Amino acid sequence: MTKPGKGREQEKGAGEEDSGVGSAKLAGPGEAKANAARALVPATIEEVLEAVNKLYSLVDGRHAEYNKSIVNLTVALTEVSKHVSLMEDAAESYERRIKELERWLGSLISQNTQLQAKVDYLEAQSRRQNIRIIGVQEKAENNKLTDFVATLLLKLLGEEHFHQLIKVDHAHRRLAPAKNGRPRAIIARLHHFRLKSWCYSCRERAPLLYDRRPVFTYLDLTSATMRKRQDFQHVEEKCKARKIRCGFQYPAMFVVTVNNSTSTFSTAAITEEFLSREVKDWHLDTV
């Protein structure tokens, strides 16, 4: 049998043990953290030295990798610098060559302009004795165009004005095909320049007729001269509408007579400016 006192002590001890267990359970997480902290701290100097050596090894390895990367970057940068230097040298060389080409091009443009002017002059001189006849029906010459032109000019201008036959060196129809049923122009080269000038001046007389159809004579101008004269077309039409005397001086100088004064112009813009000052209501359109 147990004594009552002892029973209480046993019960008390059991209760104390139980409370101890409960306090251990309550303090468990804190102790776990403390134990974990104590586990991270090296217990000996050897372990500390070992950890330091491992850290040194790791740092050395990283340092070697970084050095290797820097070396690779340095090599790549050196190659890029070489390429940039080569490109800069090439750019400077191209710039010098382009400047030289521009200088040559300017010289060639000047020479080409001079040559073009000479070619236009030579072409104009080759056509100096030519006359263009418009209005003669196709096949009227019966395949003998040169002889036909000589006879045609006598009939158009009047045989009484000539003491001998008109000498025609060569004659041909315009090479371009006829348009809208209109006959092609006849281009004839007269042997004497004065005769050509006289035939051209006769167009200001009464209309010339052949086979009861009007015939017109014109100068045989180059395409460059024709383009220059066409620039004055608008000015010429306005002058004719206002009955202002105008015309062309060879090769493409526009001549106009206003207020008993004759002036010559090389461009249509200058002509317009002059006529706007000299002619009243020049800019108004005529009906």
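Residues numbered from 1 in each chain as written. Predicted model: local features only at pLDDT ≥ 70, side-chain atom pairs only at ≥ 80, totals over all residues. Heavy atoms only, no water.

Peer 1: Go over a nonpolar patch on the surface, please, and point to the residues and values.
Peer 2: Together, Val48, Val52 and Tyr56 give the surface a local cluster of nonpolar side chains, amounting to about 260 Å² of exposed area. You can see Tyr56 is positioned in helix H2 (residues 45-126). (Patch = residues over 30% accessible without salt bridge, like charges linked within 9 Å, V, L, I, M, F, W, Y side chains within 5 Å. Areas by Shrake-Rupley, 256 points an atom, 1.4 Å probe, with all protein chains shown as cover. Salt bridge = Lys/Arg side-chain N within 4 Å of Asp/Glu carboxyl O. Helix = DSSP H or I, 4+ residues; strand = E, 2+ residues; numbered from the N terminus.)

Peer 1: Describe the environment of Glu123, naming the residues involved and giving the relevant values.
Peer 2: In this structure, Glu123 sits in helix H2. A sequence separation of 100 residues divides Glu123 from Ser223, and the C-alpha atoms of the two residues are 9.8 Å apart. Only 3.0 Å separates the side chain of Glu123 from the side chain of Arg127, close enough to count as a polar contact. (Polar contact = N/O pair within 3.5 Å; in protein donor to acceptor, adjacent residues only side chain to side chain.)

Peer 1: Hey, could you go over the sheet that holds strand S6 (residues 245-249) for me, with residue numbers and the actual values?
Peer 2: Across the sheet, which stays open at both edges, the three strands sit in the order S6-S7-S8 with antiparallel pairing between neighbours. Two strands close off the open sheet at either side, each with one partner strand: S6 and strand S8 (261-265). Neighbouring strand axes in the sheet, compared pairwise and without regard to direction, differ in orientation by 25 degrees on average. When S6 meets strand S7 (residues 253-258), the two strands line up antiparallel, connected through five bridges. (Pairing = 2+ DSSP bridges. Axes fitted to C-alpha atoms, helices over the stretch in contact; angles between N-to-C directions.)

Peer 1: Explain the pairing of strand S5 (residues 213-219) to me, using residue names and the numbers behind them.
Peer 2: Pairing geometry for strand S1 (residues 130-134) and S5, over four bridges, is antiparallel. Looking at S5, one finds that Ile133 is bridged to Thr217. Of the pairings in the sheet, the one linking strand S4 (residues 208-210) to S5 comprises three bridges and is antiparallel in character. Residue pairing for S5: Tyr210 is matched across the bridge by Arg213. Two successive antiparallel strands, S4 and S5, enclose a turn made up of two residues, where Asp211 displays a positive phi of approximately 55 degrees.

Peer 1: Explain the nonpolar core to me, and be specific about the residues and the numbers.
Peer 2: In terms of nonpolar packing, the biggest core is built from 23 residues, with Ile133, Val149, Ile166, Val168 and Leu190 touching the most fellow members. Secondary structure elements with two or more residues in this core: S1, helix H3 (145-157), strand S2 (168-173), strand S3 (186-190) and helix H4 (193-201). The biggest single contributor to this core is H3, with nine residues. Apart from residues no more than four positions distant in its own chain, Leu190 is found in contact with Gln129, Ile131, Leu153, Ile166, Lys167, Val168, Asp169, Leu195, Lys196 and Cys199. (Core = buried A, V, L, I, M, F, W, Y, C linked by side-chain atoms within 4.5 Å. Buried < 20%, exposed > 50% of the residue type's maximum accessible area, 1.4 Å probe, protein only. Contact = heavy atoms within 4.5 Å.)

Peer 1: Provide a residue-level description of the confidence of the model for the chain, including the pertinent values.
Peer 2: Mean pLDDT for the chain: 81, with 82% of residues reaching 70 or above. When mean pLDDT is taken per element in the chain, S3 scores highest with 93 and helix H1 (residues 4-40) scores lowest with 47. Under a pLDDT of 50 for its full length, residues 1-27 has, in the predicted model, zero contacts with residues more than four places off or in other chains. (pLDDT = per-residue confidence, 0-100.)

Peer 1: So what about the packing of helix H6 (residues 233-241) against helix H7 (residues 268-278)? Which residues, and what values?
Peer 2: Where H6 contacts H7, the two axes come as close as 9 Å, and the packing angle between them is 30 degrees. Classified by the interaxial angle, the pair formed by H6 and H7 is roughly parallel. Between H6, through His234, Val235, Lys238 and Cys239, and H7, the contact on the second element is made entirely by Ala268, Thr271, Glu272 and Leu275. Looking at side-chain class alone, the contact of H6 with H7 contains four nonpolar, two polar and two charged residues. (Parallel < 35°, antiparallel > 145°, perpendicular 65-115°, else oblique. Nonpolar A, V, L, I, M, F, W, Y, C, P; charged D, E, K, R; others polar.)

Peer 1: Would you mind going over the pattern of salt bridges in detail, with residue names and values included?
Peer 2: Evaluated as defined, the whole model comprises 14 salt bridges. Measuring nitrogen to oxygen at the nearest pair gives 3.7 Å for the salt bridge that ties Lys54 to Glu50. Highlighted residues: Lys54 and Glu50, both in helix H2, separated by four residues, approximately one helical turn. According to the relative accessible area criterion, Lys54 is exposed, its value standing at 54%. For Glu50, a relative accessible area of 43% corresponds to the partly exposed category.

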